[in-house]
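Given next are the chains, with one letter for each unit.
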Amino acid sequence: MANTVITNKMAMLLSLKMAQLAGFLKKGAKNYFQDQMAGKRNGQSYDFVLRDAGNVVEGLVANPRDIVEKKVTLTIKNVNNSVRTDALEGITDIKWQEEIAETYAKKLIQKVEADAVDESITKATTCFVGEGFKPMAEAGAYLQSITNEDIYGFIDPQAQATLAANGQQFVPTGSPSDLYARGRLGNFQNVEYTAERFIKPLTIEQSTINALSAAKGASLNEAGDKFTISGVTTAANVVLKKGTPVFVDGVYACDTIGDATNVPYAFIAAADVALSSTSVDIPVTPVVTADIGARSLVGDFAAKSVSIPESGSYYRGIVRADGAVCNSEVPSLEFKLSDKTAAGDTDGVKVFVNSFTDGISAINTTRFDHPYMFGVVEPRAESVIMWKR
């Protein structure tokens, strides 16, 4: 088999197209493991440490304790897209850049971004629900009170259209061409907002509210990723939908060093949960209750009333502090059947392009790869916002 490799210029072109689309992967994300990614394989994992913050006491007598740290584990993934074309593509009427490269690159990055949004929206520890810009104001103010980092927000572009129709506007930033090219909506209370089409609306049914009307908090499992509630009024085909925030009376979120805030903690369902039993387990982002730097909530949730937002269809958004998520990319991706690998790296988005030609059938197989590691590493610095459609 003979091998041909797409030029690096084409790889750079694809990276540029991907970078223009990938705001959610870049804004407010840091490459914590940049120096460690060389030579790593798909499936390898890294730990992000949530540091301890000590034990403050009043008086001259100290009360030292051992350092207790928690970790968040992320795994390297790879996504790819591929196409077969005739070897004569270069001299026929096919427009490779417009008909193949751009569309396949777009399809590739949309998969990455959709998966990242789907994961992130269940990782937050707070959720603000209201009308119009109120949830944005509350989320921005909260995150600015617990961190000195820049704050970024992402909302459904249709939600922005609804807000504009009601006479509410973001403050524009940058030139008009820059705004439209990268989906920037503008600023609101020192938070830069970007349109993110993969943040889907959430509908909360009245039947779900009825099923939880007498429910109480019960317990957490040892790992802290299953929150059990009891007293559920069972009903057929009633589901607590993925992404629904569950609040518990008297339970509050912690800041990034484990101190209590006055904002209710949100147990956000990480999957659909059938309310078919009087006691149900809700999968949630891991909760830390111990009095250490990684603590995520304070308050006794046992036998306390639980609640969810009122019934209706909600637009949603994600607001996060810079560094709340990690986005690290593998710097090389080698194929043994290729003489070399073309790689483009634009604005923090890397794509590898390889084309293999079958000398018998004269068919080119071209693949586009994006190996990366993305995930929320500091859930306490991320909030979900919800408002009625």
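Residues numbered from 1 in each chain as written. Predicted model: local features only at pLDDT ≥ 70, side-chain atom pairs only at ≥ 80, totals over all residues. Heavy atoms only, no water.

## Digging into the packing of aromatic side chains
A ring pair, where both rings are aromatic, is described by two values, the distance of the centres and the angle of the planes.
For step 1, the next point in the chain: One pass over the structure, following the stated rule, counts 9 aromatic pairs.
For step 2, the next point in the chain: Look at Phe227 and Phe301: their rings are 5.6 Å apart centre to centre, the planes differ by 85°, and that puts the pair in the edge-to-face class. Of this pair, Phe227 sits in strand β12 (residues 226-230) while Phe301 sits in the loop between β20 (297-298) and β21 (306-307), placing them 74 residues apart in sequence. For the pair shown, Phe227 and Phe301 are each scored as buried.
For step 3, the next point in the chain: Pairing Phe267 with Phe301 gives two aromatic rings, centres 6.3 Å apart and planes at 85°, and the pair type is edge-to-face. Of the two residues, Phe267 is situated in strand β17 (residues 267-268) and Phe301 in the loop between β20 and β21; the sequence distance between them amounts to 34 residues.
For step 4, the next point in the chain: Aromatic rings pair up to connect Phe227, Tyr265, Phe267 and Phe301 into one cluster.
For step 5, the next point in the chain: Positioned over the ring face of Phe24 is Arg320, at 4.5 Å from the centre of the ring. (Phe/Tyr/Trp six-rings, centres within 6.5 Å; stacked < 30°, edge-to-face > 60°. Helix = DSSP H or I, 4+ residues; strand = E, 2+ residues; numbered from the N terminus. Buried < 20%, exposed > 50% of the residue type's maximum accessible area, 1.4 Å probe, protein only. Lys NZ or Arg CZ within 6 Å of the ring centre and 35° of its normal.)

## Quick notes on the environment of Ala29
For step 1, the next point in the chain: Its location among the elements puts Ala29 in strand β2 (residues 29-30).
For step 2, the next point in the chain: For Ala29, a relative accessible area of 17% puts it in the buried group.
For step 3, the next point in the chain: For Ala29 and Asn327, which are 298 residues apart along the polypeptide, the C-alpha to C-alpha distance reads 5.9 Å.
For step 4, the next point in the chain: If we ignore the near neighbours within four places in the chain, the residues touching Ala29 are Arg320, Asp322, Gly323, Val325 and Asn327. (Contact = heavy atoms within 4.5 Å.)

## Concerning the sheet that holds strand β15 (residues 252-254)
For step 1, the next point in the chain: Taken in spatial order, the 3 strands of this open sheet run β16-β15-β20, and their pairing is antiparallel. Lying at the two open borders of the sheet, with one neighbouring strand each, are β16 (260-264) and β20.
For step 2, the next point in the chain: As defined by bridge partners, β15 adjoins β16 across 2 bridges and the pair is classed as antiparallel. Residue pairing for β16: Cys254 is matched across the bridge by Ala260. (Pairing = 2+ DSSP bridges.)

## Quick notes on the pairing of strand β23 (residues 325-329)
For step 1, the next point in the chain: Of all 5 residues that make up β23, 5 are buried, and the element is covered over most of its length.
For step 2, the next point in the chain: Burial along β23 is two-sided: the face carrying Val325, Asn327 and Glu329 and the face carrying Cys326 and Ser328 are both buried.
For step 3, the next point in the chain: Inspection of the sheet shows β2 paired to β23 by 2 bridges, in the parallel sense. Bridge pairing links Lys30 to Cys326 in β23.
For step 4, the next point in the chain: Sheet topology places β23 next to strand β26 (residues 363-376); 5 bridges connect them, and they run antiparallel. By the bridge assignment, Glu329 is partnered in β26 with Tyr372.

## A word on the sheet that holds strand β11 (residues 216-220)
For step 1, the next point in the chain: Spatially, 3 strands are ordered β11-β12-β19 in an open sheet, and the strand pairing comes out antiparallel. The two strands at the open ends of the sheet, each matched to only one other strand, are β11 and β19 (280-283). Strand-to-strand twist across the sheet, computed as the mean angle between neighbouring axes with direction ignored, equals 35°.
For step 2, the next point in the chain: Here 4 bridges tie β12 to β19, and the two strands are oriented antiparallel to one another. Bridging from a neighbouring strand, Phe227 pairs with Ile282 of β19. (Axes fitted to C-alpha atoms, helices over the stretch in contact; angles between N-to-C directions.)

## Re the confidence of the model for the protein chain
For step 1, the next point in the chain: Per-residue confidence for the protein chain averages 78 on the pLDDT scale, and 68% of its residues sit at or above 70.
For step 2, the next point in the chain: For the stretch residues 1-8, pLDDT sits under 50, and the model shows 26 contacts to residues farther than four places along the chain or on other chains. (pLDDT = per-residue confidence, 0-100.)

## Re the side chain of Asp156
For step 1, the next point in the chain: Position of Asp156 among the secondary structure elements: in the loop between β7 (151-155) and α5 (157-165).
For step 2, the next point in the chain: For the buried Asp156, no salt bridge is present, and the opposite-charge side chain at shortest range is Arg389, 6.3 Å distant.
For step 3, the next point in the chain: Within the local environment of Asp156, its side chain forms a polar contact with the backbone nitrogen of Gln158, the two atoms lying 2.8 Å apart.
For step 4, the next point in the chain: Apart from residues no more than four positions distant in its own chain, Asp156 is found in contact with Glu196, Ile199, Pro201, Tyr315 and Arg316. (Lys, Arg positive; Asp, Glu negative; His and termini not counted. Salt bridge = Lys/Arg side-chain N within 4 Å of Asp/Glu carboxyl O. Polar contact = N/O pair within 3.5 Å; in protein donor to acceptor, adjacent residues only side chain to side chain.)

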